[in-house]
Amino acid sequence: MLYIVATPIGNLEDMTLRGLRILKEADYVFAEDTRVTKKLLNHFEIDTTVYRYDEFSKMRQIPNMINILKEGKDIALVTDAGTPCISDPGYEIVDAAHKEGIKVEPIPGASALTAAASVAGISMRRFCFEGFLPKKKGRQTLLKQLAEEERTIMIYESPFRIEKTLRDIETFMGVKEVVIIREITKIYEEIMRGTTTELIERLSKNPIKGEIVLLIKGKE
């Protein structure tokens, strides 16, 4: 069995009881960063063997993982934080497992995407998720396309690029209502709402830190 296990995005209390059981019972844990995952496992006194599965090792690891699964052993796949396969490595091994007739089971839990959506205070009846915007090639084209999007748009962003991203949004999409949610579930969690113009001014005076989910209100 291949288990896709969500892990906390900041607060360790968000680790589910089922997730802990699976991490204990699995034969192996495959993780985006073994150092990060071992800290989590050590905190909960779990000694399951951990191997790396990231963007650089995934194509080499997939055949190994499939062989392990075919032997009847269980693998738990995790990322550094949150739910695997959402702007994180994972979908390739899930796809390979399905093609081999191996059962894949989700172990739900923390996700920055859904957590941010729940506290943004704007309609999430319909939304689109773009992950991280391209840094250079294709960035302008994508933003121009999103200018016509009527659904709420969600993206992940770095604190080092958020001000530039807001300026690019205003340039290629016009002045938009946006919500910045940073450090979700952590000590300095913060929700900032306003227009792109207002938040650009605010961030120029008071830069922020931490991982960010940015929500952009769709075209009316």
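Throughout what follows, the structure given in this document is the object of discussion. (Residues numbered from 1 in each chain as written. Predicted model: local features only at pLDDT ≥ 70, side-chain atom pairs only at ≥ 80, totals over all residues. Heavy atoms only, no water.)

## Overview of the overall build of the chain
Under the convention used in this document: What counts as a helix is a DSSP run of H or I of at least four residues, what counts as a strand is a run of E of at least two, and both are numbered from the N terminus. Radius of gyration here is computed from C-alpha atoms only, and the compact-globule reference equals 2.2 Å multiplied by the residue count raised to the power 0.38. Here's how the labels work: a residue is buried when its accessible area is under 20% of the maximum for its type, exposed when over 50%, partly exposed in between, all with a 1.4 Å probe on protein chains only. Note on contacts: a residue pair is in contact if any heavy atoms of the two residues lie within 4.5 Å. In this count, Lys and Arg are taken as positive residues and Asp and Glu as negative ones, while His and the chain termini are left out. To locate a charge, take atom NZ for lysine, CZ for arginine, CG for aspartate or CD for glutamate.
What the chain contains, in helices and strands, is 8 helices and 10 strands. In terms of overall size, the chain behaves like a compact globule, its C-alpha atoms giving a radius of gyration of 19 Å where 220 residues would be expected to give roughly 17 Å. Its C-alpha atoms put the chain at 55 × 35 × 30 Å along the principal axes. The burial tally for the chain puts 49% of its 220 residues in the buried class. Long-range pairs, those at least 24 residues apart, make up 70% of the contacts in the chain between residues at least 6 apart in sequence. Across the chain, the mean location of the 33 positive side-chain charges is 4 Å away from that of the 34 negative side-chain charges.

## Describing the packing of aromatic side chains
Note the cut-off: Here the aromatic set is Phe, Tyr and Trp, taking the six-membered ring for Trp, and pairing holds for ring centres within 6.5 Å; pairs whose planes are under 30 degrees apart are stacked, those over 60 apart are edge-to-face, and all others are tilted.
Applying the stated rule across the entire model yields 4 aromatic pairs. Relative to Y51, the ring of F30 has its centre 5.6 Å away and its plane inclined at 35°; by these criteria the two rings are tilted. Here F30 is found in strand 2 (residues 28–31), whereas its partner Y51 is found in strand 3 (residues 49–52), with 21 residues between them in sequence. Look at F30 and you get buried, because its relative accessible area is 2%. Ring centres 5.0 Å apart and planes at 70° place the aromatic pair F129 and Y156 in the edge-to-face group. Remark: Y156 occurs in strand 7 (residues 152–157) and F129 occurs in strand 6 (residues 127–132); sequence separation between them is 27 residues. Connected via pairs of aromatic rings, a cluster forms that spans Y28, F30 and Y51.

## Let's talk about the sheet that holds strand 2
Counted only if it meets this: By definition, two strands form a pair when at least two bridges between them are found by DSSP. Axes, fitted as lines to C-alpha atoms, cover a helix only where it is in contact. Angles between the N-to-C directions of the axes lie from 0 to 180 degrees.
One open sheet accounts for 5 strands, arranged 3-2-4-1-5; its pairing is parallel. Each edge of the open sheet carries a strand with a single partner, namely strand 3 and strand 5 (104–107). Neighbouring strand axes in the sheet, compared pairwise and without regard to direction, differ in orientation by 25° on average. The sheet contact formed by strand 2 and strand 4 (residues 75–78) spans 4 bridges and is parallel. Among the inter-strand pairings, Y28 is bridged to a residue of strand 4, identified as I75. Packed onto the sheet, helix 3 (residues 58–70) meets strand 1 (2–5), strand 2, strand 3 and strand 4 and runs at close to 160° relative to strand 2. Helix 4 (residues 91–99) rests against strand 1, strand 4 and strand 5 of the sheet, and its axis sits at about 150° to strand 1.

## Digging into unusual backbone geometry
Positive phi outside glycine occurs at E45, with the angle close to 55°. For E45, the location among the structural elements is in the loop between helix 2 (34–43) and strand 3.

## Some words on the pattern of salt bridges
Under the convention used in this document: Salt bridges are identified by distance alone: a Lys or Arg side-chain nitrogen within 4 Å of an Asp or Glu carboxyl oxygen.
Counting across every chain of the model gives 22 salt bridges. Of the charged contacts in the structure, one is a salt bridge between E55 and K58, with a shortest N-O distance of 2.6 Å. Note on K58: relative accessible area 10%, which makes it buried. Linking K99 and D95 is a salt bridge whose minimum nitrogen-to-oxygen distance equals 3.1 Å. Taken together, the positions of K99 and D95, both in helix 4 and 4 residues apart, correspond to about one turn of that helix. Overall, the relative accessible area of 65% leaves K99 in the exposed class. Each of D33, R35, R52 and D54 takes part in one network of salt bridges that share partners.

Treat this as a map of the structure, not an account of what it does.
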